[in-house]
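Overview (structure and organization)
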Amino acid sequence: MITILSTWTLLGFIAVNILFLDRVKCIINWNGNNWAMSCDFRGNDLSNIRTSGELCGEKCAQTQQCTHFTWTQYNGGTCWMKSGTISKSDAFSTNDQTMVCGVINSGQQDTIQWNGNNWAMSCDFRGNDLSNVRTSGELCGEKCAQAQQCTHFTWTQYNGGTCWMKSGTVSKSDAFPINDPTTMCGVVGARDDTEWVRVWEDNFNWNGGVDPNKWDFDVGGNGWGNGEQQYYTNNRLENARCELFPGSTNGRLIVEARRENMANSQFTSARLKSKGKWTYGRLQIRAKLPDGRGLWPALWMLPEKQTYSNTYWPDNGEIDLMEQVGYDPLSIHATVHTQAYNHMRGNQPTNTVTVNDAVSNFKIYTLDWNVDKIEMFVGDDANPFAKSILVWKKEGDWTQWPFDKPFFVLINIAVGGSW
């Protein structure tokens, strides 16, 4: 886990813990027909045939004993048909974006196409009813997460829309498919680390400077495009440092804004950016926020490269997991920016929730970034997903969804600025 904390010194501080996870299978984005791009299966070759990629699955289905397949560009396009007891979990990702792999007749469980947040359409769970509430389908999972003992749920159109909350030891494999395309089911209890693999962390378990192997610093002043007043320093202990909690081996990162003159600025602060970059996954940051007018802390992400168009921002995207402004310190904002939707146009996807103890307690801010949806939450150790802040679903082309490339994490406190 990344632990980033800060203390109040002179002007303002942010306290944070961060964890970046990836689903074990997340990097392979399975299509509803059990095929995906940029993946392969090892061995078990049965036969091969020269054909186009879109026909490879059909060729496998028509071939006796073929259970799974890989298509490559070899020899103008070759379908490699394979045989054996296999599932999608046996596939591995590749760097070849032209490759296709898939599974044929992989069983009943694969007929339920699970969303990245453990819900699916046309499925149900048997029994274990805890309670029910009349609500819309998209709110059913949130209602379950807020209900004591609710571990999974089913939503139906009954009585204008009913969320049937259920309790018990259950997993997605206990769901069964049904013929009603409007029914929804999901698992809340499975939203933990059992389906994720930790890919990066920083616990800051020492006294001293920030680890330069994991973090870079943006350095300088000149407003940063927002009329900000601070000068960002380079791994300076007064603005960014690691400290052990008193009497503990657990560490924290302290990001501190100070009132002092430097390089024609009246304030100093720090803006860290991770050297690690990721595409899709779960980012969790445990943070205690500052309480001071004029402060503007943020936990956010920017793209590693300028992939789309001739303009880096906003064309290549920005994900703001948490922003807070000092004149309204209990309001937590989450936002995304794209070429089509951004604050210059005034149409950026954004939402605000009230967190009454945002400046007095550590809260957990979570980004779930999937191939077709971004969701952001705020909660605590007991329930990190207690409040959904923002949901942004994939639509259109890159101008609306540039979130398919590596991004890095930023942590900073600005002072002043247009907001």
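Rules used throughout
- Residues numbered from 1 in each chain as written.
- Predicted model: local features only at pLDDT ≥ 70, side-chain atom pairs only at ≥ 80, totals over all residues.
- Heavy atoms only, no water.
- UniProt positions renumbered as here; feature names shortened; annotations may be inferred.
- Core = buried A, V, L, I, M, F, W, Y, C linked by side-chain atoms within 4.5 Å.
- Buried < 20%, exposed > 50% of the residue type's maximum accessible area, 1.4 Å probe, protein only.
- Helix = DSSP H or I, 4+ residues; strand = E, 2+ residues; numbered from the N terminus.
- Contact = heavy atoms within 4.5 Å.
- Pairing = 2+ DSSP bridges.
- Disulfide = S-S within 2.5 Å.
- Polar contact = N/O pair within 3.5 Å; in protein donor to acceptor, adjacent residues only side chain to side chain.
- Axes fitted to C-alpha atoms, helices over the stretch in contact; angles between N-to-C directions.

Looking at an unreviewed UniProt entry, the protein carries the name GH16 domain-containing protein, with the source organism given as Rotaria sordida. UniProt, in the comment section headed Sequence similarities (unreviewed entry), describes the protein in these words: "Belongs to the glycosyl hydrolase 16 family."

This part covers the nonpolar core. Counting residues in hydrophobic clusters, the biggest one holds 48 residues, and the most contacted among them are Met301 and Tyr365. In terms of residue count, strand β32 (residues 407-415) provides more of this core than any other element does, five residues in total. Excluding its chain neighbours within four sequence positions, the residues that come into contact with Met301 are Phe20, Trp278, Leu283, Glu318, Ile319, Leu367, Trp369, Phe407, Phe408, Val409 and Leu410. In terms of nonpolar packing, the next biggest core, distinct from the first, is built from 10 residues, Ala145, Trp155, Met165 and Val188 among them.

Looking now at the pairing of strand β30 (residues 373-379). Most of β30 is tucked away: seven of the seven residues are buried. The two faces of β30 match: Lys373, Glu375, Phe377 and Gly379 on one face and Ile374, Met376 and Val378 on the other face are all buried. By the bridge criterion, six bridges tie strand β29 (residues 363-369) to β30 in an arrangement that is antiparallel. Each bridged residue has a counterpart across the sheet, and for Thr366 the counterpart in β30 is Phe377. Connecting β29 to the antiparallel partner β30 that follows it, the hairpin turn spans three residues.

Per the stated rule, a full pass over the model turns up six disulfides. The partner cysteine of Cys39 in its disulfide is Cys101, sulfur to sulfur 1.9 Å. Classification of the bridge connecting Cys39 and Cys101 rests on its S-S torsion, roughly -105 degrees, and on that basis the disulfide is left-handed. In this pair, Cys39 is assigned in strand β4 (residues 39-40) and Cys101 in strand β9 (residues 100-103), connecting sequence segments 62 residues apart. Accessibility classification places Cys39 together with Cys101 in one group, the buried group.

With that settled, the discussion passes to the side chain of Asp315. Mapped onto the fold, Asp315 is located in the loop between β25 (295-303) and β26 (318-323). Side-chain polar atoms of Asp315 contact the side chain of Ser309, separated by 2.5 Å. Apart from the residues within four sequence positions on either side, Asp315 is in contact with Tyr308, Ser309, Gln339, Trp398 and Pro402.

With respect to topology, seven strands assemble into an open sheet ordered β18-β23-β32-β25-β26-β27-β28, the strand pairing being antiparallel. Pairing within the sheet leaves two strands with one partner each, and these edge strands are β18 (215-217) and β28 (350-354). If you compare each strand with its neighbour and ignore which way they point, the axes differ by 20 degrees on average.

Attention now moves to the pairing of β9. Every other side chain in a regular strand lies on the same face of the sheet, so the side chains alternate between the two faces. Of the two faces of β9, the one lined by Val100 and Gly102 and the one lined by Cys101 and Val103 are each fully buried. The pairing of strand β3 (residues 35-37) with β9 spans three bridges and is classified as antiparallel. Each residue of the ladder has a partner; that of Ala36, found in β9, is Cys101. Looking at chain direction, strand β6 (residues 68-72) and β9 are connected through four bridges and run antiparallel.

This brings us to unusual backbone geometry. The omega torsion of the bond from Trp313 to Pro314 falls at 5 degrees, within 30 degrees of zero and hence cis. Relative to the assigned elements, Pro314 resides in the loop between β25 and β26. With a phi angle near 55 degrees, Asn159 is a residue other than glycine that sits in the positive phi range. Considering the arrangement of structural elements, one finds Asn159 in the loop between β13 (152-156) and β14 (162-166). The phi dihedral of Phe204 falls on the positive side, at around 55 degrees, and the residue is not glycine. For Phe204, a relative accessible area of 0% translates into the label buried.

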